[in-house]
Amino acid sequence: MAKITYIEHNGTRHEVDVKPGMTVMEGARDNGIPGIDADCGGACACSTCHVYVDPDWIDKLPPRDPMEEDMLDFAYEPDPERSRLTCQIKVTDELDGLTVQMPERQI
């Protein structure tokens with residue numbers, strides 16, 4: 001299991017164990033974490049699972065693919081360096097300790 005920390009816009013922290021092979025979005029959904037809507041169910045067809053990745057983790061994640069880049073154009077206040085869609089981040093043991101912060105809202 002990888003411990004992922006989700007931080008709501010208001011600062012509320014949720015630390016949950018997520019099984020490798022799942023996505024960071026599925027970990028939030030399955031643990032009732034507010035702030036990640038995931039309207040498309042993980043198909044990378046919206047931006048409602050947008051988060052800001054902690055700066056210490058940016059280089060430890062695989063790069064965004066072109067489809068994720070396109071969907072981030074629709075996200076609320078995307079950050080060119082830190083924004084990711086959680087449906088596109090597969091959990092591995094190496095992501096133990098990953099911290100992500102939700103934006104003020106999802107659109």
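In what follows, the structure referred to is the one given above.
So, how was this worked out
- Residues numbered from 1 in each chain as written.
- Predicted model: local features only at pLDDT ≥ 70, side-chain atom pairs only at ≥ 80, totals over all residues.
- Heavy atoms only, no water.
- Helix = DSSP H or I, 4+ residues; strand = E, 2+ residues; numbered from the N terminus.
- Buried < 20%, exposed > 50% of the residue type's maximum accessible area, 1.4 Å probe, protein only.
- Polar contact = N/O pair within 3.5 Å; in protein donor to acceptor, adjacent residues only side chain to side chain.
- Contact = heavy atoms within 4.5 Å.
- Salt bridge = Lys/Arg side-chain N within 4 Å of Asp/Glu carboxyl O.
- Pairing = 2+ DSSP bridges.
- Axes fitted to C-alpha atoms, helices over the stretch in contact; angles between N-to-C directions.

Participant: So what exactly am I meant to see when it comes to the side chain of Thr 48 here?
Facilitator: With respect to the helices and strands, Thr 48 occurs in the loop between α1 (24-30) and β3 (50-53). Judged by relative accessible area, Thr 48 falls into the buried class, the value being 5%. Polar side-chain contacts of Thr 48 include one of 3.2 Å to the backbone nitrogen of Ala 38. In this structure the side chain of Thr 48 is engaged in a polar contact, spanning 2.8 Å, whose partner is the backbone nitrogen of Asp 39. When residues no more than four places from it in sequence are discounted, the contact partners of Thr 48 are Ile 36, Asp 37, Ala 38, Asp 39, Gln 106 and Ile 107.

Participant: Can you help me understand the pattern of salt bridges in this one?
Facilitator: When the charged atoms of two side chains with opposite charge come close together, those side chains can pair. Applying the stated rule across the entire model yields four salt bridges. In this structure, Asp 17 and Lys 3 form a salt bridge, with 3.2 Å as the shortest nitrogen-oxygen distance. With Asp 17 in strand β2 (residues 13-18) and Lys 3 in strand β1 (residues 2-7), this pair connects stretches of sequence that are 14 residues apart. For Asp 30, the salt bridge is made with Arg 29, and the minimal N-O distance between the two is 2.9 Å. On the basis of relative accessibility, which here comes to 47%, the residue Asp 30 falls in the partly exposed class. Exposure remark for Arg 29: the relative accessible area of 47% places this residue in the partly exposed category.

Participant: Please explain the sheet that holds strand β4 (residues 83-85) as it appears in this structure.
Facilitator: Sheet strands pair via backbone hydrogen bonds, and the direction of the pair is either parallel or antiparallel. One open sheet accounts for five strands, arranged β2-β1-β5-β3-β4; its pairing is mixed. On the outer flanks of this sheet lie β2 and β4, each paired with one strand and no other. Ignoring which end each strand starts from, the neighbouring axes of this sheet average 35° apart.

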